[in-house]
Amino acid sequence: MVLALVLSGAVLALVLLGLFAFGLRRRLIQRPGGTFDCSLRWDAPDPGEGAEAGGKGWVYGVSRYSGDRVEWFRVFSYAPRPRRRLEREAIEVLERRRPEGDEELALLSDSVILACSHRGTRVELAMSEDALTGFLAWLEAAPPGQRVNVA
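Residues numbered from 1 in each chain as written. Predicted model: local features only at pLDDT ≥ 70, side-chain atom pairs only at ≥ 80, totals over all residues. Heavy atoms only, no water.

- Under an unreviewed UniProt entry, the name given to the protein is DUF2550 domain-containing protein, and the source organism is Streptomyces pini.

**Details of the packing of aromatic side chains**
Right, on to step 1. Applying the stated criterion across every chain, the model contains three aromatic pairs.
Right, on to step 2. Measuring from ring centre to ring centre gives 5.2 Å for F36 and Y65, while their planes differ by 40°; the resulting arrangement is tilted. Taken together, the residues span a long stretch of sequence, with F36 in strand β1 (residues 35–37) and Y65 in strand β3 (residues 61–66) at a distance of 29 residues.
Right, on to step 3. Assessed through its relative accessible area of 10%, F36 is described here as buried.
Right, on to step 4. Its relative accessible area of 24% is what places Y65 among the partly exposed residues.
Right, on to step 5. Here the aromatic rings of Y65 and W138 are separated by 5.4 Å at their centres, their planes lie at 45°, and the arrangement is tilted. Placement of Y65 in strand β3 and of W138 in helix α3 (residues 129–140) is noted, with a sequence separation of 73 residues between them.
Right, on to step 6. When its relative accessible area of 11% is taken as the criterion, W138 is described as buried.
Right, on to step 7. An aromatic cluster is built from F36, Y65, F135 and W138, whose rings are joined through pairwise contacts. (Phe/Tyr/Trp six-rings, centres within 6.5 Å; stacked < 30°, edge-to-face > 60°. Helix = DSSP H or I, 4+ residues; strand = E, 2+ residues; numbered from the N terminus. Buried < 20%, exposed > 50% of the residue type's maximum accessible area, 1.4 Å probe, protein only.)

Shown next as structure tokens:
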């Protein structure tokens, strides 16, 4: 009986420690500012080729502006470094659209999808309308001499 209580307490402590670590990591990511919730689908299928991925491939995350790049972190990860980095000069906006079909279930409500090309890879970012406005303004605010590819 005592062993069961000790094991239950240890499991509960580990779960609480894990949740605390998630919260601490998120605070550390958001500390410098310029963060927004952003789901990402890397190497997304091109709808022009008849590919239909639905809600598959979307990963929920947090993005942070860092100079001339956006750093993307997975929410459900303990990694202190970003999973993806998108450089401003390499981003080409292809289209903007609303989620369709299963995407509505895979993404946060009221998300807008921005399809981009980043160094030849099709990337889709899903974010709120406010975050999208800020992202597009950040893209257009490139220093003089840099090309901006906003459709």
